[in-house]
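Fold and contact review
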Amino acid sequence: MRELLWLRWKQFQDTAVYWMRALGYPSDASAATRYGYIAYIIGFLLFWVAAMWAYSYDQARLIGEALASEAAGNLLRGFPWAVLAVQVMVASGALRSTPLKLTFADMAYVAGSPMPRWAVVVINFLRQVMLRYIVLGVVSAFFFVIVVEAIREGDGVAAYFRLLLALLPVVVITWAAAWVLGVLRLVLRWRWSYLWVLPFVFAAATLALPLVGLWPGYMVAAYVFGEAPAWTLPLLFGLSLASIVVLVRVSQRINMVQAIDESQLYARMAALGVVAMRQPRLVAQMRFQTSYAGRKPVLNLPRAQGFWSPATRAGLMYLRRPLLLLTTILWGMAVTALGLVIVVNNSPAPLWILWLLVVGLVPPAGLLHVFQTDVESPFLRQFIQLDGMAILLADTLMPLVGLIAGGVVAVLLWGLDVQAALMAVLFVGFLGVLITLCGAYALTRPRTLESRLLVVSASILPVMVAGENLNQPFLALGLAGAGILIVSGLISVEV
């Protein structure tokens, strides 16, 4: 255990030294200067975290005060389902590939050593839980601040810290259960390819028996609002400790050879270091090559000419990777539902900005997957006499239809009247095309992220102002059409 902790500490030091040097850390100075600079950086980070927390809390409070209590109640009812969705995704990932990820250093110094297997598993598990808890805790806590301020029941600060306290054992239970399933797969040497589907079957069963899968979310929400029994928190922490004990017992028999085999991709990405953060496309290509290595190709490329040649190729790629198409459809449903919540409840400007950031910074991975490949590898289309817009249409025809279909489904499920539903469907179609064009134009620029955010803001912000603030839906549709024409011309020139 001590040797493994020492190895983790050395790895952390290597990473920290790089980022400290990027911030001006004088590595060749005296010890007093180095320690003083470290203290300065730590103090500055603490001040920045406190300032950002205060600003975020104030914005969440303002959003909650402007949000209708009925809408906040609907959001609160969806929290247990969000917790279940996270649990299903974590368990599915653990059954797809081992949760115990080893670097090349771990493979060389740890996997073949006489060190207890449970120590390797538990240390990696605790590190993963800590990182996931920080992210999920901050997001969930601000969510409950919004809900509490909207319902006007309780104090937002108290709800924030009560949520952090109640969420900790739930996060531990979730990841411990997933790790137990993943480790059992290595212990029993299960080689079935479709084990990862089982958590989704459990989620489907929850529709018939809600309390079976939704009890963690219900218990957390009840504790935040002070309506849970006194034994709720001790029960959650007891279950978390019991899950860790089960993980320790199961991991004593883990098959490290199979864990090493399934950790090759993670080790390669870890060896890239900062390059993996600077070039996410490279990481995506590594994942793609690993997932399809050794697989037989599904379906054959049909014969086609002209426009239908790249279109059939793109369609075949999406049929071979249906998850890309599915995530695009779900993204369209989620973004449309969030937009409907904002419009129906006449939400304040911060929520509009949040929606715009989601659209600009978190596009669906499958929407422009094929087009990005064509942009980065122009030799693939050197014999196809098509302009940039035709190539974009051919590459995005299937995911664009899926994106718009997902938005239309969200509109129909919302239950609007006929006139409002038709107008919402028109907006979904126009904005779907505009989002696709903005993302495609950003891929042709050197700074993809900044370009996507700027072009999305410049194109969609006038549409939002005309439709929401000026209450002129037809003017908003006209602005969306003008944006489509302008961005289409830019793409024709760039590609």
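For the structure itself, consult the block above.
The text that follows walks through the structure, step by step, so that each part is easy to find. Everything numeric here is computed off the predicted structure, so don't read it as measured data. (Residues numbered from 1 in each chain as written. Predicted model: local features only at pLDDT ≥ 70, side-chain atom pairs only at ≥ 80, totals over all residues. Heavy atoms only, no water.)

1. Quick look at the overall build of the protein chain
- Per the secondary structure count, the protein chain includes 21 helices and zero strands.
- A separation threshold of at least 6 residues defines the contact pool for the protein chain, and within that pool the share at least 24 residues apart is 78%.
- A total of about 26,900 Å² of accessible surface is found on the protein chain, and carbon and sulfur atoms cover 69% of it.
- Taken together, the 33 basic and 21 acidic charged side chains of the protein chain have centroids lying 14 Å from each other. (Helix = DSSP H or I, 4+ residues; strand = E, 2+ residues; numbered from the N terminus. Contact = heavy atoms within 4.5 Å. Areas by Shrake-Rupley, 256 points an atom, 1.4 Å probe, with all protein chains shown as cover. Lys, Arg positive; Asp, Glu negative; His and termini not counted. Charge placed at Lys NZ, Arg CZ, Asp CG, Glu CD.)

2. Looking at the side chain of H369
- Tracing the sequence through the fold places H369 in helix α17 (residues 369-376).
- The contacts of H369, once residues within four sequence positions are left out, are R281, M317, Y318, R321 and L324.

3. Considering the packing of aromatic side chains
- What the rule picks out here adds up to 10 aromatic pairs.
- With a centroid separation of 4.8 Å and an interplanar angle of 80°, the aromatic rings of F79 and F144 are classed as edge-to-face. One end of the pair, F79, is in helix α3 (residues 69-96); the other, F144, is in helix α5 (residues 117-151), and 65 residues separate them in sequence.
- According to the relative accessible area criterion, F79 is buried, its value standing at 6%.
- A connected cluster of aromatic rings, assembled from ring pairs, spans W53, Y57, F142, Y160 and F161.
- Sitting over the face of the ring of W196, R96 holds its NZ or CZ atom 4.3 Å from the ring centroid. (Phe/Tyr/Trp six-rings, centres within 6.5 Å; stacked < 30°, edge-to-face > 60°. Buried < 20%, exposed > 50% of the residue type's maximum accessible area, 1.4 Å probe, protein only. Lys NZ or Arg CZ within 6 Å of the ring centre and 35° of its normal.)

4. A few points about helix α2 (residues 31-66)
- Taking 1.5 Å as the rise per residue, α2 with 36 residues should run 52 Å; its terminal C-alpha atoms sit 53 Å apart, in good agreement.
- What α2 keeps buried is the set Y37, I41, Y57, A60, I63 and G64. (Expected span 1.5 Å × (residues − 1).)

5. Some words on α17
- With respect to burial, α17 is a largely interior element, six of its eight residues being buried.
- All buried positions along α17 are accounted for by H369, V370, F371, Q372, T373 and D374.

6. Points about the packing of helix α14 (residues 308-320) against helix α18 (residues 388-414)
- Between α14 and α18, the shortest axis-to-axis distance is 7 Å and the interhelical angle comes to 40°. As the angle between them shows, α14 and α18 are arranged oblique. In this structure, the crossing between α14 and α18 has a hand that is right-handed. Contact residues: P310, A311, R313, A314, G315 and Y318 in α14; A394, D395, M398 and P399 in α18.
- By residue class, the composition of the contact of α14 with α18 is seven nonpolar, one polar and two charged. (Axes fitted to C-alpha atoms, helices over the stretch in contact; angles between N-to-C directions. Parallel < 35°, antiparallel > 145°, perpendicular 65-115°, else oblique. Left-handed = near helix turned anticlockwise from the far one by under 90°. Nonpolar A, V, L, I, M, F, W, Y, C, P; charged D, E, K, R; others polar.)

7. Quick look at the pattern of salt bridges
- In the structure shown here, the tally under the stated rule is two salt bridges.
- One salt bridge connects D58 with R61, and the closest N-O pair in it is separated by 2.6 Å. Of the two residues, D58 and R61 are both situated in helix α2; the distance of three residues between them amounts to about one turn of the helix.
- Take D58: its relative accessible area is 30%, and that puts it in the partly exposed class.
- When the shortest N-O distance is used, the salt bridge between E65 and R61 registers 3.0 Å. Here R61 and E65 lie together in helix α2, a separation of four residues that amounts to about one turn.
- According to the relative accessible area criterion, R61 is partly exposed, its value standing at 25%. (Salt bridge = Lys/Arg side-chain N within 4 Å of Asp/Glu carboxyl O.)

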